[in-house]
Amino acid sequence: MKTLILAGGSGTRLFPLSREHFPKQFIKLFDAESLFQKTVKRSLLFSSPQDIYVVTNKDHRFLIHAQLEEMGCTCTILTEPVGKNTLPAIYYGVKTIGDEDDHDNIAVVSSDHLIDTNTAYVDAFQAADRLAEKYLVVFGVRPTCPHTGYGYIRLGEGLGDGSLVDTFVEKPDAETAVRYCTGGYLWNSGMFVFSPKLFLQECACHAEDVVSAFTHPVEQAYDLTPKISIDYGIMEKTDKAAVVPLEAAWNDVGNFDALYSIFPKNGDQNAVRGEYIGINSHDNLIVSDRLVATVGVRDLAIIETKDAVLVASRSEAQHVGEIAKLLKEKGDQRSAFHTKVHRPWGSYTTLEDGQAYKIKRVTVPPKKRLSLQMHHHRSEHWVVVRGTAEVTVGEECYLLRSGESTFVPAGTVHRLKNPGLLPLELIEVQIGEYTGEDDIVRYKDDFDRI
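As the structure is a computational prediction, the values presented were derived from the model and not from experiment. (Residues numbered from 1 in each chain as written. Predicted model: local features only at pLDDT ≥ 70, side-chain atom pairs only at ≥ 80, totals over all residues. Heavy atoms only, no water.)

Q: Give a description of the overall build of the protein chain that names residues and reports values.
A: Looking only at helices and strands, the protein chain features 11 helices and 28 strands. Its C-alpha radius of gyration of 24 Å places the protein chain within 12% of the 22 Å reference for a compact globule of 450 residues. Reported as C-alpha extents along the three principal axes, the dimensions of the protein chain are approximately 75 × 60 × 40 Å. The burial tally for the protein chain puts 50% of its 450 residues in the buried class. Working note: accessible area of the protein chain is about 20800 Å², and carbon and sulfur atoms make up 50% of it. In the protein chain, the 48 positive side-chain charges and the 62 negative ones have mean positions that sit 3 Å from each other. (Helix = DSSP H or I, 4+ residues; strand = E, 2+ residues; numbered from the N terminus. Rg over C-alpha atoms; globule rule 2.2 N^0.38 Å. Buried < 20%, exposed > 50% of the residue type's maximum accessible area, 1.4 Å probe, protein only. Areas by Shrake-Rupley, 256 points an atom, 1.4 Å probe, with all protein chains shown as cover. Lys, Arg positive; Asp, Glu negative; His and termini not counted. Charge placed at Lys NZ, Arg CZ, Asp CG, Glu CD.)

Q: Would you mind going over the packing of aromatic side chains in detail, with residue names and values included?
A: By the definition in use, this model includes 18 aromatic pairs. Judged by centre distance (4.7 Å) and plane angle (65°), the ring pair of Tyr150 and Trp187 falls under edge-to-face. Linking Tyr150 in the loop between strand S6 (136-141) and strand S7 (152-158) with Trp187 in strand S9 (residues 186-194), this pair joins segments that are 37 residues apart in sequence. Comparing Tyr150 with Trp187, the two get one shared label, buried. (Phe/Tyr/Trp six-rings, centres within 6.5 Å; stacked < 30°, edge-to-face > 60°.)

Q: If you had to explain the UniProt feature "domain: MannoseP isomerase/GMP-like beta-helix" (unreviewed entry) in the protein chain to someone new, which residues and values would you point to?
A: The UniProt feature table records "domain: MannoseP isomerase/GMP-like beta-helix" (unreviewed entry) at residues 274-325. For residues 274-325, the end-to-end C-alpha separation is 27 Å, with 10% helix and 40% strand making up the annotated structure. (UniProt positions renumbered as here; feature names shortened; annotations may be inferred.)

Q: Go over the UniProt feature "domain: Nucleotidyl transferase" (unreviewed entry) in the protein chain, please, and point to the residues and values.
A: UniProt tags residues 2-265 as "domain: Nucleotidyl transferase" (unreviewed entry). Structurally, residues 2-265 comprises 36% helix and 23% strand, and the distance from its first C-alpha atom to its last is 38 Å.

Q: Now, about unusual backbone geometry: what can you tell me, with residues and values included?
A: Here the residue pair Phe15 and Pro16 is connected by a cis peptide bond, since its omega of 10° sits within 30 degrees of zero. With respect to the helices and strands, Pro16 occurs in the loop between strand S1 (2-6) and helix H1 (35-43). If you check the backbone angles, Gln269 has positive phi at about 60° while not being a glycine. Tracing the sequence through the fold places Gln269 in the loop between helix H10 (256-262) and strand S12 (271-273). We classify Gln269 as partly exposed; its relative accessible area is 37%. Unlike most non-glycine residues, Asn280 shows phi in positive territory, near 50°. Along the chain, Asn280 turns up in the loop between strand S13 (276-279) and strand S14 (285-287).

Q: Residues and numbers for the environment of Val341, please.
A: Mapped onto the secondary structure, Val341 falls in strand S18 (residues 340-343). Judged by its relative accessible area of 5%, Val341 is buried. Residues Val341 and Asp239 lie 102 residues apart in sequence; the distance between their C-alpha atoms is 46 Å. Val341 has contacts with Gly346, Ser347 and Tyr348, leaving out every residue within four places of it along the chain. (Contact = heavy atoms within 4.5 Å.)

Q: Can you break down the pattern of salt bridges residue by residue, with the values?
A: Tallying each qualifying case throughout the model produces 26 salt bridges. Note that Asp112 and Lys24 form a salt bridge whose closest N and O atoms lie 3.5 Å from each other. Here Asp112, found in the loop between strand S4 (106-110) and strand S5 (114-115), pairs with Lys24, found in the loop between S1 and H1; they are 88 residues apart in sequence, far enough to count as distant. A relative accessible area of 18% means that Asp112 is categorised as buried. Between Arg314 and Asp257 there is a salt bridge, and its shortest N-O distance comes to 2.9 Å. Here Asp257 lies in helix H10 and Arg314 lies in the loop between strand S17 (309-313) and helix H11 (321-329), a separation of 57 residues in the sequence. Given a relative accessible area of 14%, Arg314 falls into the buried group. Judged by relative accessible area, which is 31%, Asp257 ranks as partly exposed. (Salt bridge = Lys/Arg side-chain N within 4 Å of Asp/Glu carboxyl O.)

Q: Talk me through the side chain of Asp439; I want residue IDs and the actual numbers.
A: With respect to the helices and strands, Asp439 occurs in the loop between strand S27 (424-432) and strand S28 (441-444). Comment: no salt bridge for buried Asp439; closest opposite-charge side chain is Arg378, at 4.4 Å. Here His376 takes part through its backbone nitrogen, which lies 3.0 Å from a polar atom of the side chain of Asp439. Setting aside chain neighbours within four positions, we find Asp439 in contact with Met374, His375, His376, His377, Arg378 and Tyr434. (Polar contact = N/O pair within 3.5 Å; in protein donor to acceptor, adjacent residues only side chain to side chain.)

Q: Explain the sheet that holds strand S16 (residues 300-304) to me, using residue names and the numbers behind them.
A: One open sheet holds the four strands; their spatial order is S12-S14-S16-S17, and the pairing between them is mixed. The sheet is open, and its two borders are formed by S12 and S17, each paired with just one other strand. Across the sheet, the mean angle from the axis of one strand to that of its neighbour is 5°, orientation sign disregarded. Alignment of S16 against S17, held across five bridges, turns out to be antiparallel. (Pairing = 2+ DSSP bridges. Axes fitted to C-alpha atoms, helices over the stretch in contact; angles between N-to-C directions.)

Q: Lay out the nonpolar core with the relevant residues and their values.
A: Counting 68 residues, the largest nonpolar core has Phe36, Phe125, Phe139, Leu246, Phe256, Leu259 and Leu285 as the members making the most contacts within it. If you tally residues by element for this core, the top one is helix H4 (residues 119-131), at six residues. Leu259 has contacts with Leu17, Leu29, Phe30, Val253 and Leu285, leaving out every residue within four places of it along the chain. (Core = buried A, V, L, I, M, F, W, Y, C linked by side-chain atoms within 4.5 Å.)

Q: So what's going on with the sheet that holds strand S25 (residues 405-408)? Which residues, and what values?
A: Across the sheet, six strands lie side by side as S18-S19-S20-S27-S22-S25; this open sheet has antiparallel pairing. Only two strands of the sheet have a single neighbouring strand rather than two, namely S18 and S25. Across this sheet, the average inter-strand angle for adjacent strands is 20°, counted without regard to direction. Bridge count between strand S19 (residues 346-354) and strand S20 (residues 357-364): seven bridges; the pairing is antiparallel. Bridge pairing in S20 places Tyr348 opposite Val362.

This is how it looks when you write it as structure tokens:
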């Protein structure tokens, strides 16, 4: 079986933990692993590394490469020019896989789900694999509560390993959700198994505009394809939809109430990650980089990062995404970036951002280097804190060690490299009337950025 991992989501309902350029699937919230890395480990149960394909966007491809590198796993990364929902992403992946080998079935999984890979999980995928030659198989999760944030599936005629899909129904209101749970409906997990031939045939029947778009090169295809989900585009139209129950514990970690349900609790039923003191406080989710203290509160999500604090009722957690949307509409970079920003060469953390200056901590892993570049509006002073830096400033190239520093005047071509075997860490002080990240001219770059 081959595996197609969808890894392009933005996770706005977990703001401020999740940001557009570092969404929830890459945050290491569980066992020092990200949800993406856990997804890859699950995929390795059925697929070899060379049979795992990841569809993502241009902003996340370097994150994916870095997290795969941590695992020692090499997979194929497919980059979408722009997000157009799940059907174009899946079609792009399936068409790429089918062009190379259309004999194996394909499992389509999301990168941001937390799933218990027990025996029932393996059994469900094996059952779906057996049905996949004749059906587009979706996994249905048995409801644990009348959740109003999921779509539901009503089962039809039995197929031995599963059932035909009678009906897909959209997210219900609370009363309807109770009726669905008692009526045997399943949650729609958004995970699938099918043969590439059958999927492409059904796309030709029900999504001609998507198929037509992908007769062109990828960049043009994404200009032409509609923005549409696989549910709307295919699954709700096809007569070849089947469902296999997934009996394993499943959570899409879709909001902070879902995160609360996963985290271990203390004696007051508070789920805590970080330093916390609570007095007469119960049933709260606390995630913080510093001490949080509460008195007399309950059923709250209190999320603190270095540049934002969220306090929300857990029952209203589904509305948190609206905050990220408002910030983005205002052009506020906090919707997209943490104070720590990941780059393909490493990362930097903004320590202070003032008028005409900015201070950063820059970390470069061994053997990595930044682009050969120049800034028009700012000078930079580098002080090495740890490791060894190979510095190019104009025509000069030299080494700096811990405690040593150098100065890069505005308008000077320069480059920073870590030639050593240990991480390089330095403090960068920028001085200038403009210190924005777009004041950069790249001459050479190891990562083919513009």
